[in-house]
Amino acid sequence: MKQDVRHNPEQAVTSSARILESLQHPVLVLDAAGELIYANATAAGSFGGWIVGLSLTDIFPDYLRSPAAGDHPTSLRLTTQKGEAFEALLSPLGEGETCVSLWPAAAVLDERTPERADDLTGLALRNPFMAALDHALAGADNRAGSLAVLCLDLDRFKVINDTLGHGIGDQLLKKVADRLRTACRREDLIARFGGDEFVILQRGITGVADAERLAARLVDLIGRTYVLNGHTVNVGVSVGVALRDAGLQSRDLLRNADLALYEAKRAGRGRYRFFEQGMDLQLHERRELEIDLRRALALKQFELAYQPFLDLSTDAVIGFEALLRWNHPVRGKVPPLSFISVAEENGLIVKIGEWVLMTACMAAASWPGDLIVAVNVSPLQFKADTLLTTVSTALERSGLAPERLELEITEGALLADTDNVLATLHSLRALGVKISMDDFGTGYSSLSYLQKFPFNKIKIDRSFVSGGGADSEAILRAVSGLGSNLGMAITAEGVETAEQLGRIREQSCTHVQGYLTGRPMAPDQVELFLQEQPIAQVTN
Amino acid sequence: MSASIYRLVYYSRNHVALDEVAFAAEVDDILAKSRANNVRDGITGALMFNAGCFAQVLEGPLDVVEAAFERIQQDERHGEVSLLTLEPIERRSFPNWAMGFVGMSDETASRFAGVAAASGFDPAHFDGNDLHTILRNLALEEERQAA
Ligand SMILES: Cc1cc2nc3c(=O)[nH]c(=O)nc-3n(C[C@H](O)[C@H](O)[C@H](O)COP(=O)(O)O)c2cc1C
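Bear in mind that the values here come from a model prediction, so they are computed numbers and not experimental data.

A tally of helices and strands in chain B yields 4 helices and 5 strands. Going residue by residue from the N terminus, the α and β elements of chain B occur as β-α-β-β-α-β-β-α-α. Working note: accessible area of chain B is about 7300 Å², and carbon and sulfur atoms make up 53% of it.

In structure tokens, the structure reads:
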């Protein structure tokens, strides 16, 4: 065979090209002008596809062409635009051409040397981590499942940082890093990508079971109580895991682990999730929804529908709840359940909430008499700190009397940062606005929330009305009894049948809202609806 | 400030094999390590085992108590650690115990077994003060017997 090669130059060329193509590390050839005239497959994959024709500086901005290339091989270190470092060996090929062989720098340098580590935790930084991942993927062990990437995000870290200060936050990160080291083996590489984001490369494993064991251990260990400067601190961790699979590059693996992390968080945090095919599609769909949602306000795709509620003592309509509707030209009517959570995740709910308040107050100002408009307020709007201004502006601009505006909040609003929320509620109350507790019975339903603030009204969730069982009835009776003792009005939601209405009447509920007494209607239908109703006008 | 002593009380679920020999070996190891470390750090306290749970009181300067607790948290031999109390105290309750294991001597063991059988003893039903008191009483008992 050797002889064949020697005697057949053409075949020698093809086979050496094939050898070059099969190399797992990038190889480039430069012409005398410094332009790339050849890149093997690994180089094309690592540096972004069609790179022949570019100059070496296009790929490695830190490459300074040496004054005289000379005819000795030189080695140097090059860093890509994305910060991935390589050890390069430049060897002259004659006629001014140069062959450049590259190896990920992590293969050469110790990953844990100080200047490559995170100052606070001593963990690896992003770039060396990515280089190590590249290197591991290029290594001899290419079985699917032979390595795993785990992305971690601390739950509630921001709250701790905000309430206990950065000093404690930093101490916490150090202890978390410490626990990560305890949970991992020597072969694993742990990095901090910034903030409370950690990434682990688990090398040389035998498959899913190994990755799962580590993920479960991390959730347990990181979630255990910390004691920092006498403070007891509890955080959880969410973990996304992706395993090596044929054809996956570093970036794909990291992205898959990140998608899995996103799902772990969506599933309620404090848990791990493995990447599954389709997660990218789900995320893609949510992203699309988010993009559409961002445009919806500007494109005036939101509408409010108004659902009447009745005073049971007079059977008259005394107000309407404003309900948000999204009419998308392609998606059609998007149900609130599927977009409110997205709007809350990305904070859009604050802007949307402002629009709702303004629009509802404007509408109500045109209604006759003292009809009330009830508006839902998201817990996120309390966090944004602008709620008070938003409400007073809406009242001012619309000219609506404050007593005719009722804000509906859920227990969720009182869960975190309770003192600030209570202060805001008291200021709103001082404006003259009514405040009611919405969806009571669905969340924590802690009676202590009822004690914390003198709500004007409690709205009992529809499930207790439609349930009809002895339990639902007992709860309905208990809550309405409690409410009336505390001087709060009670609305039963979701009343659909005359039979339900009958039961409600017996249980000291004061108000009722549901299909039976009126469906949500477009703003221009309100007037007609009212004309057909006996309105309880307050006579002066 | 530097002189102020803190008390930390927790209980946890034991993950050690329930086979008696293996368990005794683990406890011996925990105690040996604890005593060596605690003498070095100026920590005193008591450890108790029952019904699949550990309960422990640690007393000492805040920084060393925190460091010891962090090591203990990372220990795979137990889990679901519930921290009940962390507070400054006037004086130590276990001044002579680098880490006493209560419930080991025959007398207290049988007494303790009685508690376990009679009331279905589970540390989860006690708060930090209760546990502290139980451990202190058991410790006093053992000291009296030893004397
Ligand atoms: C229930 C339990 C109680 C422990 N108590 C102590 C203790 O009081 N002091 C201590 O230093 N280690 C204690 N340990 C052991 C620590 O978890 C850890 O193994 C040890 O502190 C490591 O010490 P080293 O770093 O010197 O090897 C305890 C472990 C368990 C499971």
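Moving on, there is more to tell.
The next subject is the nonpolar core. Judged by nonpolar contacts, the single largest core of 74 residues is most densely connected at Y306, F320, V373, L405 and L425 of chain A. With 11 residues, the single largest contributor to this core is helix 12 (residues 348–365) of chain A.

Residue and element names in this part refer to chain A. Most of strand 17 (residues 405–409) sits out of view: 5 of its 5 residues are buried. The two faces of strand 17 match: L405, L407 and I409 on one face and E406 and E408 on the other face are all buried. As judged from the 4 bridges shared by strand 16 (residues 372–376) and strand 17, these two strands associate in the parallel manner. Across the sheet, residue N376 finds its bridge partner in strand 17, namely E408. Bridging between strand 17 and strand 18 (residues 434–440) involves 4 bridges; their strand directions are parallel. By the bridge assignment, E406 is partnered in strand 18 with K434.

What follows concerns the UniProt feature "domain: PAS" (unreviewed entry) in chain A. Following the UniProt record, one finds the feature "domain: PAS" (unreviewed entry) at residues 18–48 of chain A. Helix makes up 39% of residues 18–48 of chain A and strand 26%, with an end-to-end C-alpha separation of 21 Å.

Turning our attention to the packing of aromatic side chains. All names here are of chain A. Scanning the entire structure with this criterion turns up 14 aromatic pairs over all chains. Aromatic side chains Y306 and W367 sit 5.3 Å apart centroid to centroid with 90 degrees between the ring planes, which places their arrangement in the edge-to-face category. Here Y306, found in strand 13 (residues 302–311), pairs with W367, found in the loop between helix 12 and strand 16; they are 61 residues apart in sequence, far enough to count as distant. Side by side, Y306 and W367 carry an identical accessibility label, which is buried. Between F453 and F455, the aromatic rings sit 5.2 Å apart at their centres with planes inclined by 70 degrees, giving edge-to-face as the arrangement. Per residue, the accessibility class of F453 equals that of F455, and both read buried. A cation over an aromatic ring shows up here: R179 above the ring of Y226, its NZ or CZ 3.6 Å from the ring centre. Above the ring of F309, the side-chain terminus of K457 is found at 4.2 Å from the ring centroid.

A few words on helix 11 (residues 336–345) of chain A. Residues and elements named next belong to chain A. Among the residues of helix 11, those classed as buried are F339, V342 and A343. All buried residues of helix 11 lie within an arc of 100 degrees about the axis, which places them on one face of the element. Check the buried side of helix 11 and you find it contacts helix 10 (279–296), strand 13, strand 14 (316–328), strand 15 (332–334) and helix 12. Directly beyond the C-terminal end of helix 11, a positive phi value near 85 degrees is found at G347.

This paragraph deals with the side chain of E408 of chain A. Residues and elements named next belong to chain A. Tracing the backbone through its elements, the reader meets E408 in strand 17. Classification of E408 as buried rests on a relative accessible area of 1%. If we ignore the near neighbours within four places in the chain, the residues touching E408 are E321, A374, V375, N376, V377, S436, D438 and K459.

What follows covers the packing of helix 10 of chain A against helix 11 of chain A. All names here are of chain A. Two elements in contact, helix 10 and helix 11, have axes separated by 10 Å at closest approach and are oriented at 80 degrees. One element, helix 10, and the other, helix 11, form an angle in the roughly perpendicular class. Each of R286, L289, E290 and L293 in helix 10 lies in contact with helix 11, whose residues at this interface are S338, F339, S341, V342, A343 and E345. Per-class residue counts for the contact of helix 10 with helix 11 are 5 nonpolar, 2 polar and 3 charged.

The next subject is the environment of K300 of chain A. All names here are of chain A. As for its placement among the helices and strands, K300 is situated in the loop between helix 10 and strand 13. Residue class for K300 comes out exposed when judged on its relative accessible area of 72%. Through-space distance from the C-alpha of K300 to that of W326 is 9.2 Å; in sequence the pair is 26 residues apart.

Negative phi values dominate among residues other than glycine, just as trans dominates among peptide bonds. All names here are of chain A. Positive phi values are uncommon outside glycine, yet R269 reaches one of about 65 degrees. Along the chain, the position of R269 falls in the loop between helix 9 (250–266) and strand 12 (272–274). At D315, a residue that is not glycine, the phi angle is positive and equals roughly 60 degrees. In this structure, D315 sits in the loop between strand 13 and strand 14. Judged by its relative accessible area of 34%, D315 is partly exposed.

The rules we used
- Numbering of residues begins from 1 in every chain and follows the order in which that chain's sequence is written.
- Each chain gets a letter, beginning with A, and each ligand a number, beginning with 1, in the order they are written.
- Restriction of local features to residues with pLDDT of at least 70 applies here, the model being predicted, together with a cutoff of 80 or more for giving and counting side-chain atom pairs; totals for whole chains, interfaces and linings are based on all residues.
- As a rule here, side-chain values cover all heavy atoms of the structure and leave hydrogens and water aside.
- A run of H or I in DSSP counts as a helix once it spans at least four residues, and a run of E counts as a strand once it spans at least two, with each numbered from the N terminus.
- Calculation of accessible area relied on Shrake-Rupley with a 1.4 Å probe; when residues are assessed, cover is drawn exclusively from the protein chains displayed.
- To form a nonpolar core, buried Ala, Val, Leu, Ile, Met, Phe, Trp, Tyr and Cys residues must be joined to one another through side-chain atoms within 4.5 Å.
- A 1.4 Å probe rolled over the protein chains alone gives each residue an accessible area, and that area as a share of the maximum for its type sets the label: buried under 20%, exposed over 50%, partly exposed in between.
- At least two DSSP bridges between two strands are needed for those strands to be called paired.
- UniProt positions are given in the numbering used here, feature names are shortened, and annotations may be inferred rather than shown by experiment.
- The pairing test for Phe, Tyr and Trp rings, Trp by its six-membered ring, is centres within 6.5 Å, and the orientation test on the planes gives stacked under 30 degrees, edge-to-face over 60, and tilted for anything in between.
- In this analysis the charged atom, NZ for Lys or CZ for Arg, is taken to sit over a ring once it is within 6 Å of the ring centre and within 35 degrees of the ring normal.
- When we speak of the arc, we mean the arc of directions from the helix axis to the C-beta atoms.
- The contact definition used throughout considers only heavy atoms, calling two residues in contact when any of these lie within 4.5 Å.
- Angles here are taken between N-to-C directions and fall from 0 to 180 degrees, while the axes themselves are lines fitted to C-alpha atoms, restricted in helices to the stretch in contact.
- Comment on the angle field: the value is read as roughly parallel under 35 degrees, roughly antiparallel over 145, roughly perpendicular from 65 to 115, and oblique elsewhere.
- Think of it as three bins: nonpolar holds Ala, Val, Leu, Ile, Met, Phe, Trp, Tyr, Cys and Pro, charged holds Asp, Glu, Lys and Arg, and polar takes everything else, Gly as well.

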